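Descriptive analysis of the structure
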Amino acid sequence: MRNSANDLVPGYFKLMADIDLTGVTWNPRLFYGILDGNGRTIKGLRVTSGTTYQDCNHYGQDAASVTGTTRAYGYGLFAILAKGAAVRNLTFEDVDIDVLITEGKSYGDTLAHHYAGTIAGVNFGSIENCKVISGRVHLDLNGDKERDCNGVGGIAGINAKYVTHAFLQSSNAADIYYGRIKGCVNKADVKISNTNGEYGEMYAGGIASRSSRLGYYWNNNASTNKSYNTQITGCANFGTVT
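Residues numbered from 1 in each chain as written. Predicted model: local features only at pLDDT ≥ 70, side-chain atom pairs only at ≥ 80, totals over all residues. Heavy atoms only, no water.

Here we look at the overall build of the chain
The condition is simple: Put simply, DSSP marks the helices as runs of H or I at least four residues long and the strands as runs of E at least two long, and each gets a number from the N terminus on. Here's how the labels work: a residue is buried when its accessible area is under 20% of the maximum for its type, exposed when over 50%, partly exposed in between, all with a 1.4 Å probe on protein chains only. Throughout, a contact is declared for two residues whenever any of their heavy atoms are within 4.5 Å. Note on areas: Shrake-Rupley, 1.4 Å probe, and residue coverage restricted to the protein chains presented here.
For the chain, the count of helices and strands is 1 helix and 25 strands. For the chain, with 242 residues in total, the buried portion stands at 52%. At a minimum sequence separation of 6, the contacts of the chain that also span at least 24 residues come to 76%. When the accessible surface of the chain is totalled, it reaches about 10300 Å², and 47% of it is carbon and sulfur.

Pasting the structure below:
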């Protein structure tokens, strides 16, 4: 684990000591691996900017990048927790995620989404037995003039699912990939705001702002247009949500 400009490749990481990030501005990246906190604490996580990923939905499918139409900015320990990735048994103290979006993020017909959460901006993986015991997660959309979905959560910005093109052909539930959050507690304050007061969809939640599909893949066959839910179980929020 390091504060890097590169995505973290698949691997298993286990904390053997507490980590104090006080005074460090963290650079969140895409994470494919497994992080076992081993009951340890990360203190002073500070995030003021994020990383953008073209076709964010693809990271719910595998570890490759393709050109697509859903661009996402993620803010947290990780920008995106990919399919198969996991974070567990980890505590956070004095979290300070405070992101100001100063201009609209539009790229032709490409949508731009902004999601902030302590552990992941966008979760396609698994988050289990984690606690945020103090701090704040704040996303201010001042200047964002795009009508896109944006969200803030104490654990994850969005607990997302990915609907594959194969699903649209087969209606096979195995072609749906889910984010999962289990046994987590949040005590950080969660806030999303828009100083302009007129643009953008905004969601906030103690655990995640939303637990739903990110992006839109659809077809004309009503039998395949089913609802498959992501999972949040056994979690509790004690922080304020505004």
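Quick notes on the environment of Cys184
Mapped onto the elements, Cys184 comes out in the loop between strand 19 (180–182) and strand 20 (185–186). Looking at Cys184, the relative accessible area reads 0%, which means it is buried. Sequence separation between Cys184 and Cys130 is 54 residues, and the spatial gap between their C-alpha atoms is 4.8 Å. With residues up to four places along the chain from it excluded, the contact list for Cys184 reads Ile127, Glu128, Asn129, Cys130, Ile155, Ile207, Gly234, Cys235 and Ala236.

Here's the deal with the nonpolar core
As a reminder of what qualifies: What makes a nonpolar core is a set of buried Ala, Val, Leu, Ile, Met, Phe, Trp, Tyr and Cys residues whose side-chain atoms join them at distances within 4.5 Å.
In this structure, Tyr75, Leu77, Leu90, Phe92, Ile97 and Ile127 are the most contacted members of the largest nonpolar core, which totals 41 residues. For this core, the secondary-structure elements that each account for two or more residues are strand 4 (34–43), strand 7 (70–75), strand 8 (78–81), strand 9 (86–93), strand 10 (95–100), strand 11 (111–117), strand 15 (135–140) and strand 21 (189–193). When residues no more than four places from it in sequence are discounted, the contact partners of Ile97 are Leu45, Val47, Tyr75, Gly76, Ala116, Gly117, Thr118, Arg136, Val137 and His138. Core analysis: the second largest hydrophobic core is formed by 11 residues, Leu30, Tyr115, Ile158 and Ala160 among them.

Observations regarding the pairing of strand 4
Where a strand is regular, its side chains alternate between the two sheet faces. Inclusion rule: A pair of strands is labelled paired if DSSP reports no fewer than 2 bridges between them.
Where strand 1 (residues 12–14) and strand 4 come together, 3 bridges link them in parallel fashion. Each bridged residue has a counterpart across the sheet, and for Lys14 the counterpart in strand 4 is Asp36. As paired elements, strand 2 (residues 19–20) and strand 4 share 2 bridges and run parallel to each other. Bridge pairing links Asp20 to Lys43 in strand 4. Pairing geometry for strand 4 and strand 9, over 7 bridges, is parallel. For Thr41, the partnering residue across the bridge sits in strand 9 and is Thr91.

Remarks on the sheet that holds strand 21
If you walk across this open sheet you meet the 4 strands as 5-10-15-21, and the pairing is parallel. Of all strands in the sheet, those bounded by a partner on one side alone are strand 5 (46–47) and strand 21.

Structural notes on the packing of aromatic side chains
Just so we agree on the cut-off: Working definition: a ring pair exists when centres of Phe, Tyr or Trp rings (six-membered ring for Trp) sit within 6.5 Å. Plane angles under 30 degrees give stacked, over 60 give edge-to-face, the rest tilted.
Here the structure, examined in full by the defined rule, presents 2 aromatic pairs. Arranged with centres 5.9 Å apart and planes meeting at 45°, the rings of Phe13 and Phe31 form a pair that is tilted. Within this pair, whereas Phe13 is found in strand 1, its partner Phe31 is found in strand 3 (residues 29–31), the two being separated by 18 residues in sequence. Looking at Phe13, the relative accessible area reads 23%, which means it is partly exposed. The interplanar angle of 5° and the centroid separation of 4.3 Å between the aromatic rings of Phe31 and Phe78 together place this pair among those described as stacked. Separated by 47 residues along the polypeptide, Phe31 in strand 3 and Phe78 in strand 8 bring together distant segments of the chain. Taken together, Phe13, Phe31 and Phe78 form an aromatic cluster joined through their ring pairs.

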